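The lines below spell out each chain.
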Amino acid sequence: MRIGELARLTGSSVRSLRYYEEQGLLDSQRADSGAHRVFHADAVDRVRLLRQLYSAGLSSKVIASILPCVDTPSPELTEESIAIMQAEYARLGEQMAAIADTRDQLHHLIDHATRHLAADVDPAGRCADTDRARTHSDSGLAVTP
DNA sequence: ATTCTAACA
DNA sequence: TGTTAGTA
């Protein structure tokens, strides 16, 4: 397939795909005329993996160093490759903990704001405000572990 | 219409 | 990565 289709199938831009190839992360052939790139069908999975790693915060360099672990023959897979993967694994673990902590704080803020809104402006009756407060509580955001 | 390379307010 | 220019 050509670059346009690969982009469509992976939800990435054509520009990004050329960049991945430039970084040695993606393989491609050349059309007979050498005019344009031709990608193997497997490139779809490869690109999805690349984007997943990128979105997790891994750099092109890091991804390049661990790809030999993905490709069938891996002559350039070294001890350092494993060390790098372990480091990223650890980093993601810390990042997940930090994100969980942030989520907890947000939960508290939501809880506080909800109570404030419910008890605040309605010494007499309660209508819109109370409804809004209840809506927030049941919105799925208040998932206390 | 699609792809390519090169380059940057 | 986006975008633009000039081609093929």
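What counts as what
Residues numbered from 1 in each chain as written. Chains lettered and ligands numbered in written order. Predicted model: local features only at pLDDT ≥ 70, side-chain atom pairs only at ≥ 80, totals over all residues. Heavy atoms only, no water. Domains from an automatic or database assignment. Contact = heavy atoms within 4.5 Å. Buried area = accessible area lost by both parts, 1.4 Å probe. Salt bridge = Lys/Arg side-chain N within 4 Å of Asp/Glu carboxyl O. Axes fitted to C-alpha atoms, helices over the stretch in contact; angles between N-to-C directions. Helix = DSSP H or I, 4+ residues; strand = E, 2+ residues; numbered from the N terminus. Parallel < 35°, antiparallel > 145°, perpendicular 65-115°, else oblique. Left-handed = near helix turned anticlockwise from the far one by under 90°. Nonpolar A, V, L, I, M, F, W, Y, C, P; charged D, E, K, R; others polar.

(A) Looking closely at the domain arrangement of chain A. Looking at the assigned domains, one finds that chain A contains domain 1 (1-77) and domain 2 (86-145). Taken together, the contact pairs 4 residues of domain 1 with 4 residues of domain 2. With both sides pooled, the region where domain 1 packs onto domain 2 buries about 250 Å², and carbon together with sulfur makes up 58% of that total. Area buried by domain 1 at its contact with domain 2 is led by Ala 56, Leu 58 and Val 62, which between them contribute 90% of it. At the junction of domain 1 with domain 2, the criterion picks out 0 salt bridges.

(B) Local environment of the packing of helix 1 (residues 3-10) against helix 3 (residues 43-55). Relative to each other, helix 1 and helix 3 sit at 55°, their axes nearing to 10 Å. Taken together, the axes of helix 1 and helix 3 are oblique relative to one another. Between helix 1 and helix 3 the crossing geometry is right-handed. Taking contact as the criterion, the partners of Leu 6, Leu 9 and Thr 10 in helix 1 are, on helix 3, Ala 43, Val 44, Val 47, Arg 48 and Arg 51. Broken down by class, the residue content of the contact of helix 1 with helix 3 amounts to 5 nonpolar, 1 polar and 2 charged.

(C) A look at the environment of Ala 87. Among the structural elements, Ala 87 can be located in helix 5 (residues 79-119). Separated by 36 residues in the primary sequence, Ala 87 and Arg 51 place their C-alpha atoms 19 Å from one another.

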